Structure formats: structure tokens, C-alpha cells
Amino acid sequence: MTTDLAALAALKCQKKKSSSKLMLIACLLVFVTQMATTVYLPSLPKVMSELSLSRPLAEATVAVFVMGAALAVPLWGDIAQRRGRRVALNGSLALFVLCDLLLALTNSGAIMLVLRAAQGIAAGGCAIVGRIVVRDAWSGDELVKRLSLLSVAFITAMGGGQFIGGLIGQYGHWRYGFLLLATIGLAIAWLGRNLPLQAGGVGQSGILSSYRELLARPRFLYASCAGGAGFAAIVVLQQASPFLFQQHYGLSVAAYGAVGLLLGAAYFAGALLVNRSVLRLGAARLLKGGSVSLALIALMLAGCWLSGGLDGASGMVGFLLLYGLLTFCQAVLFPNSMALAVSEGPDHGAHAMALCGFLLQTLAGLAAIGAVLLRAGSAWAWAMAALGLLCALLAMAWAVAPRRGA
């Protein structure tokens, strides 16, 4: 009897360690893919100058990354479903590290754009595999809690990555940021080498038929796109922010990097709220509250900017406050939208998480490219406000849509 109890205790301990390591790897995957943008943002004006890029093309190096991440997600999800999570993880990490090394060497603006798109393809794979392995292990409101931990990794990269990028841009060279990303990618590969991951062929179905079935479920579509619209609003603002803070408000590269810490704190507060309240309030209530709040803040930020109410030093304080509140709302919205979406497709395994990620990233990528193509200095404000409204409308549509099987 004593032996049985000891064996059971050892098994529980081993399972707990395995779960903790799985969460660590998933968090690192989300961290490094988000950091691929934030560590680079503070130096964007310098990259524009060194590589002889126009501002729209410099901003496009962010947009093509987001679009690359989006477009490849369904394929990475299918690889994870058919070939196994390990194959998708190793393949995406290998491509990510290779792109980072090449980006650290390039002196061509055109090649920079191509490599950033390829880096995005790899990053999309890393991020979606991280979320797939979490979805494999947990479900329901517990899944929301685990996804909120991934949000903590996201904001660590958002705030910490931007801060580190500011230091690199101020005291080193922007190329060092890509070398740092390559190093982190190699460390993840080493840490995850013995992690037990789900093999391929489990619940296998054709990629097109699986995605078609998921898209026919309104609640899956609305929840995914609500999170995507909120994420897109943040990406549009994030893409414009280096120029707004450094050229409009006159901050140094290092000071702009420090702004990331404030935004990271706002995102952390939102993720912490979700982690501590989701079991009590439920994902549905948090989705609706987060989306409506995000829409109101986006409209307020856009209106104040376009009316000239955010000029000068006091205006910068107001801009930072609204930017932080928008970030907080996105942190509340994101994990709940994703968990509610994949709960509508439990029979589709990795495909459900991959398609959800694709919709999220595609909306963000299209918005980022659209803001670049419009070229107007305040195009980001109009785009952000429209995306905030779309987010709230989609969340309301989710609330009234028929449930699966109803």
C-alpha cells in the first residue's frame, strides 16, 4: 500500500513537472515571436535611414511580418495535426533562427522585407504550436487561465522586448536584436528536446474540410475575429508608435524603449485580471466587457489625436494613458476570444487553434498593410477606431449567434 502511494505521488510529481515545462516552452515560443517585432521597433527610424527606405516601406517591415505569420498558420496547424507537434515545432524554430541570422547580416531594404516576411512565417508556426500544445493539455475556463499565462509572456516581450530594443538601439546596433532572437530560438529548441508532445494522425481530417466545417460555425468565426480586430487595433498603433514618440514627441530611442515597460505593465494587469477572475466571471462576460471597453478607448484615442488634443508634453501623458488602457483591454479580450473560439471545435484538434490563429493574425496583418497604403499621417487613428468598433460588433454577434448543435 505504501509502495502504491509512493508511486502515485511520484507520478503526480512527474506530471506536474511535465505540465510546468510544457507551459514554460509555450510561453517562450509566444515570447520570442512577439519580441521579433518589439525588439526591432525602437530602431525602426534608424533602419529606415541605414537601408534607404521610405517611412511606408519601413513600416511595411512590420506589416509583412504580421502577414507572413498569419498566412502560414493554417499550414503549420496542419503539419502539427498530421505530422505531430514535434515536427511543426522543430521546423518553425529552425526557419526562425535562420531568418534571424540572415536579418542580422542584410544591407538591402528589399531583402529585409523578404526576410521579415519569412521570419513572420516561422514566428507564426512557433506561436501557434505553443498555443496548440496548451490546448492539447487543458480545456474550458482552465484553458483561458493557461492562455492568460501566454498573455503574460506576450506582454513580457512587448514591454521587455521594446525596452531591450531601446537599449540596443541607443548603445549598440539594431542587428544585435536579431542575434538575440536567434539565441533565444536555439535555447527553446534545446529546452524542448525531450518534451512529450502529441504525435500526428490523431483525429486526422483533411485540412480544407476541417477548416470549412469550422468556418460554418458562427460562434467560432465571431469569437476568432473579435480577438483579431482587437489585436489589429494594437498592431496598427504599435506600427506607428516609433515615429509618433520619437518624431512627434521627441523621445530618444532609449526613452521610447522604456515606454514598452509601461505598456507591458498594462497588459500584465489585464492578463492578471483574466487569470484571477475567469473561473468566477466566465470567459463570455470577459469577452464582451473587454471588446466594448477596447472600442470606447480606441474611439477616444483617435478622436483626441485627430482633434489635436494630444499635442505637447501633457498630450503625450494622455496618449500614454490611453495607449495603456487600450493594451489592458486587449489583454482581457485576447485569451477569452481564443478559448471561446476553439471550444466550438473540440473535434478538430490542432486545426481549430490554427484557424483561430490565422483569423487573428490575418486581420492584424491586413490592417497594418492598409494603414501603410493609406500613407496619410493619421491613417493609423482612423484604422484603429474602425477596428475597435468592429471588435465590439463581432463580440455582440458572438453573444447572439446559435450554439453548436442548437
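Residues numbered from 1 in each chain as written. Predicted model: local features only at pLDDT ≥ 70, side-chain atom pairs only at ≥ 80, totals over all residues. Heavy atoms only, no water.

Colleague: I'm lost on the overall build of the protein in this one. Help?
Modeller: Looking only at helices and strands, the protein features 14 helices and zero strands. Written out in order from the N terminus, the α and β elements of the protein read α-α-α-α-α-α-α-α-α-α-α-α-α-α. At 21 Å, the protein has a C-alpha radius of gyration in line with the 22 Å of a compact globule built from 406 residues. For the protein, the spread of C-alpha atoms along the three principal axes comes to 70 × 50 × 45 Å. Counting the 406 residues in the protein, one finds 56% classified as buried. Roughly 15,900 Å² of accessible area belongs to the protein as shown, and the carbon and sulfur atoms make up 68% of that amount. Of the side chains in the protein, 28 bear a positive and 12 a negative charge, and the two mean positions are spaced by 4 Å. (Helix = DSSP H or I, 4+ residues; strand = E, 2+ residues; numbered from the N terminus. Rg over C-alpha atoms; globule rule 2.2 N^0.38 Å. Buried < 20%, exposed > 50% of the residue type's maximum accessible area, 1.4 Å probe, protein only. Areas by Shrake-Rupley, 256 points an atom, 1.4 Å probe, with all protein chains shown as cover. Lys, Arg positive; Asp, Glu negative; His and termini not counted. Charge placed at Lys NZ, Arg CZ, Asp CG, Glu CD.)

Colleague: What should I look at first to understand the pattern of salt bridges in this one?
Modeller: Working definition: two side chains of opposite charge can pair if their charged atoms are close together. Under the defined criterion, the tally for this structure stands at three salt bridges. The closest approach of N and O atoms between R82 and D78, which form a salt bridge, is 3.2 Å. With R82 and D78 both in helix α3 (residues 55–82) and four residues apart, the pair spans about one turn of that helix. For the salt bridge of R219 with E344, the shortest nitrogen-to-oxygen distance reads 3.6 Å. In this pair, R219 sits in helix α9 (residues 218–248) while E344 sits in the loop between α12 (312–342) and α13 (349–374), placing the two residues 125 residues apart along the sequence. The residues R219 and E344 share a single accessibility class, namely buried. (Salt bridge = Lys/Arg side-chain N within 4 Å of Asp/Glu carboxyl O.)

Colleague: For this particular structure, what's the right way to read unusual backbone geometry?
Modeller: For residues besides glycine, phi is generally negative; the peptide bonds are generally trans as well. The backbone phi angle of S52 is positive, close to 55 degrees, even though this residue is not glycine. Examined against the element boundaries, S52 turns out to sit in the loop between α2 (44–50) and α3.

Colleague: When you look at the packing of α9 against helix α14 (residues 379–400) in this model, what are you seeing that I'm missing?
Modeller: Each pair of packed helices gets described by two things: the angle between the helix axes and the distance between those axes. Look at α9 against α14: their axes get within 8 Å of each other, and the N-to-C directions meet at 165 degrees. When the interaxial angle is binned, α9 and α14 end up roughly antiparallel. Considering the relative orientation of α9 and α14, their crossing is left-handed. Partitioned by chemical class, the residues of the contact of α9 with α14 number 22 nonpolar, one polar and one charged. (Axes fitted to C-alpha atoms, helices over the stretch in contact; angles between N-to-C directions. Parallel < 35°, antiparallel > 145°, perpendicular 65-115°, else oblique. Left-handed = near helix turned anticlockwise from the far one by under 90°. Nonpolar A, V, L, I, M, F, W, Y, C, P; charged D, E, K, R; others polar.)

Colleague: So what exactly am I meant to see when it comes to the side chain of S224 here?
Modeller: With respect to the helices and strands, the residue S224 is situated in helix α9. Of the residues examined, S224 reaches a relative accessible area of 0% and is grouped as buried. Contacts of S224, omitting those with residues within four sequence positions, involve S337, A341, C356, L359 and L360. (Contact = heavy atoms within 4.5 Å.)

Colleague: Before we go on, may I ask you to explain the packing of aromatic side chains in this structure?
Modeller: For any pair of aromatic rings, the description rests on two quantities: the centre-to-centre distance and the angle between the ring planes. One pass over the full model with this rule turns up 11 aromatic pairs. Look at Y40 and F178: their rings are 5.7 Å apart centre to centre, the planes differ by 45 degrees, and that puts the pair in the tilted class. Highlighted residues: Y40 in the loop between α1 (2–38) and α2 and F178 in helix α7 (residues 175–191), separated in sequence by 138 residues. Like Y40, the residue F178 is buried in the burial classification. Here the aromatic cluster, defined as three or more aromatic residues joined through ring pairs, consists of F245, Y249, W305, F319, Y323 and W380. R116 extends its terminal NZ or CZ atom over the ring of Y40, reaching a point 4.5 Å from the ring centre. Cation over ring: R193 sits above W190, and NZ or CZ is 4.0 Å from the ring centre. (Phe/Tyr/Trp six-rings, centres within 6.5 Å; stacked < 30°, edge-to-face > 60°. Lys NZ or Arg CZ within 6 Å of the ring centre and 35° of its normal.)

Colleague: I tried to follow the environment of A266 on my own but got confused; where do I start?
Modeller: Along the chain, A266 falls in helix α10 (residues 253–281). Spatially, the C-alpha atoms of A266 and Q330 are 9.8 Å apart, while their sequence positions differ by 64 residues. Not counting chain neighbours up to four residues away, the residues in contact with A266 comprise G324, T327 and F328.

Colleague: Got a minute to help me understand α9 in this structure?
Modeller: Think of an α-helix as 3.6 residues a turn; residues three or four steps apart then line up on the same face. End to end, α9 covers 42 Å across 31 residues, agreeing with the expected 45 Å (1.5 Å per residue, within 8%). Approximately 45 degrees is the largest bend angle found in α9, and it occurs at A240, with the proline P242 only one to four residues beyond. A large share of α9 lies buried, amounting to 26 of its 31 residues. Looking at the residues trailing α9, positive phi occurs at G250, about 75 degrees. (Expected span 1.5 Å × (residues − 1). Bend = angle between axes of the 7 residues up to and from the residue.)

Colleague: Explain the packing of α3 against helix α5 (residues 109–137) to me, please; I cannot follow it from the model alone.
Modeller: Packing of α3 against α5 brings their axes to within 6 Å, and their N-to-C directions diverge by 40 degrees. It follows that α3 is oblique to α5 by the angle criterion. Seen from above, α3 lies across α5 with right-handed handedness. Among the residues forming the contact of α3 with α5, the class breakdown is 17 nonpolar, seven polar and one charged.

Colleague: Please clarify how the nonpolar core should be interpreted in this entry.
Modeller: Soluble globular proteins: nonpolar side chains tend toward being buried together. Counting residues in hydrophobic clusters, the biggest one holds 134 residues, and the most contacted among them are V134, L237, F319, W380 and M384. Considering every element that reaches this core, the biggest residue donor is α9, with 16 residues. (Core = buried A, V, L, I, M, F, W, Y, C linked by side-chain atoms within 4.5 Å.)

Colleague: Even after reading the chapter, I still don't get the side chain of T327, so can you show me in this structure?
Modeller: Residue placement: T327 occurs in helix α12. Looking at T327, its side chain comes within polar contact range of the main-chain oxygen of Y323, at 2.8 Å. Not counting the four nearest positions on each side in its chain, T327 is found in contact with M158, I234, L263, A266 and Y267. (Polar contact = N/O pair within 3.5 Å; in protein donor to acceptor, adjacent residues only side chain to side chain.)

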